[in-house]
Amino acid sequence: MVKLTMIARVTDGLPLAEGLDDGRDLKDAEFYKQQVKSLFKNLSRGHNEASRMSIETGPYFFHYIIEGRVCYLTMCDRSYPKKLAFQYLEDLKNEFERVNGAQIETAARPYAFIKFDTFIQKTKKLYQDTRTQRNIAKLNDELYEVHQIMTRNVQEVLGVGEKLDQVSQMSSRLTSESRIYADKARDLNRQALIRKWAPVAIVLSIVFLLFWVKGKIW
């Protein structure tokens, strides 16, 4: 069965729409939604470039397609046919582009197209029962194949983003520490110069002062 459906803009990870009734009967629904948001964040940073992918997560699979800078994602039971999951996403994509295509790039707030939930729920019902004649026909449709779509583990996918973030943070920290070190080195050099030449400056000042006093007296 289809458990969750979420749509987001790839360029910045902004969520655009989702199935409002999704996850009500799902244990740990918030945990999986958080994984989806982390995935969208990774996609917005270019960490995963596959336009179609299946991702294992516990007893479920995330399936997503990216088209026109938008990611359409669903989470299904492991036993749910991969072919139906991707055809479900294709139906969502076609309708979303038709209805909202002109406003996708300019959307500024999360869930700007939340009304699309009506179409999500209607379409999800069509795909819930894999034994209907309609869905059996789709499974037998040889024109739509999914054998070449990559399957990966969620920890592997999200872990890549985390590691890249860690490298980026480490690089920023090293740059910051290098600046601090350079500033301290300049301060130490300045203090060393002061210690080296301060006695000479004092002696010269005393000598000049004596000559000046002597000149005043004589």
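Residues numbered from 1 in each chain as written. Predicted model: local features only at pLDDT ≥ 70, side-chain atom pairs only at ≥ 80, totals over all residues. Heavy atoms only, no water.

Colleague: Tell me about the overall build of the protein chain, and please be specific about residues and values.
Modeller: Across its full length, the protein chain holds five helices and six strands. The N-to-C order of helical and strand elements in the protein chain reads β-β-α-β-β-β-α-α-α-β-α. Evaluated residue by residue, the protein chain yields a buried proportion of 39% over its 218 residues. Counting only contacts in the protein chain whose residues sit at least 6 apart along the sequence, the fraction spanning at least 24 positions is 66%. (Helix = DSSP H or I, 4+ residues; strand = E, 2+ residues; numbered from the N terminus. Buried < 20%, exposed > 50% of the residue type's maximum accessible area, 1.4 Å probe, protein only. Contact = heavy atoms within 4.5 Å.)

Colleague: Any details on the confidence of the model for the protein chain? Residues and values, ideally.
Modeller: Of all residues in the protein chain, 83% attain a pLDDT of 70 or more, and the chain-wide mean is 83. Here residues 161–172 is modelled with pLDDT under 50, and outside its nearest four sequence neighbours on either side it reaches five contacts, counting other chains as well. (pLDDT = per-residue confidence, 0-100.)

Colleague: So what's going on with the pattern of salt bridges? Which residues, and what values?
Modeller: Throughout the structure, instances matching the rule amount to ten salt bridges. For R9, the salt bridge identified is with D12, shortest N-O distance 2.7 Å. Relative accessible area serves as the criterion here: at 42%, D12 is assigned to the partly exposed category. Of the charged contacts, one joins R131 and D129 as a salt bridge, the two residues approaching to 3.2 Å between their closest N and O atoms. Overlapping salt bridges bring together R52, E67, E90 and K93 as one network. (Salt bridge = Lys/Arg side-chain N within 4 Å of Asp/Glu carboxyl O.)

Colleague: An account of unusual backbone geometry is requested, with residue identities and associated values reported.
Modeller: Within the chain, D28 stands out as a residue other than glycine whose phi angle is a positive 65 degrees. Since its relative accessible area comes to 46%, D28 is described here as partly exposed. The backbone of R69 shows a phi angle near 65 degrees, a positive value even though the residue is not glycine.

Colleague: Describe the packing of helix α2 (residues 82–100) against helix α3 (residues 117–128), listing the residues and the values that go with them.
Modeller: α3 packs onto α2 with a crossing angle of 155 degrees between their chain directions and a minimal axis gap of 10 Å. Looking at the two axes, α2 sits roughly antiparallel to α3. Relative to α3, the crossing made by α2 is right-handed. Two secondary-structure elements touch here, α2 through L84, Q87, Y88, D91, L92 and E95 and α3 through F119, I120, T123, K124 and Y127. A breakdown of the residues in the contact of α2 with α3 according to their chemical character gives six nonpolar, two polar and three charged. (Axes fitted to C-alpha atoms, helices over the stretch in contact; angles between N-to-C directions. Parallel < 35°, antiparallel > 145°, perpendicular 65-115°, else oblique. Left-handed = near helix turned anticlockwise from the far one by under 90°. Nonpolar A, V, L, I, M, F, W, Y, C, P; charged D, E, K, R; others polar.)

Colleague: Which residues make up the sheet that holds strand β2 (residues 15–18), and what are the values?
Modeller: Sheet strands associate in pairs through backbone hydrogen bonding, adopting either a parallel or an antiparallel arrangement. Strand order in the open sheet formed by six strands is β2-β1-β5-β4-β3-β6, and the pairing between neighbours is mixed. Lying at the two open borders of the sheet, with one neighbouring strand each, are β2 and β6 (150–153). For this sheet the average axis-to-axis angle between neighbouring strands, irrespective of direction, equals 20 degrees. The pairing of strand β1 (residues 2–9) with β2 spans three bridges and is classified as antiparallel. Opposite M6, over in β2, you have E18 as the bridge partner. Lying over the sheet, α2 contacts β1, β2, β3 (52–57), β4 (60–67), β5 (70–77) and β6, oriented at roughly 40 degrees with respect to β4. (Pairing = 2+ DSSP bridges.)

Colleague: Requested: an account of a nonpolar patch on the surface, with residues and values cited.
Modeller: On the surface, a cluster of nonpolar side chains totalling about 540 Å² of accessible area is made up of L193, W197, V200, L204 and F208. Relative to the helices and strands, W197 resides in helix α5 (residues 154–217). (Patch = residues over 30% accessible without salt bridge, like charges linked within 9 Å, V, L, I, M, F, W, Y side chains within 5 Å. Areas by Shrake-Rupley, 256 points an atom, 1.4 Å probe, with all protein chains shown as cover.)

Colleague: Please provide a residue-by-residue account of the nonpolar core, values included.
Modeller: Among soluble globular proteins, nonpolar side chains are generally buried collectively. Residues I7, L16, F96 and F116 are the most contacted members of the largest nonpolar core, which totals 27 residues. For this core, the elements supplying multiple residues, two or more each, are β1, β2, β5, α2 and α3. Element by element, the count of residues in this core is highest for α2, at seven residues. Look past the residues within four positions of L16 in its chain and what remains in contact with it is I7, A8, R9, V70, F96, I104, A107, Y111, A112, F113 and I114. Among the nonpolar cores identified, the runner-up in size contains 23 residues, and V10, V36, Y60 and I66 belong to it. (Core = buried A, V, L, I, M, F, W, Y, C linked by side-chain atoms within 4.5 Å.)

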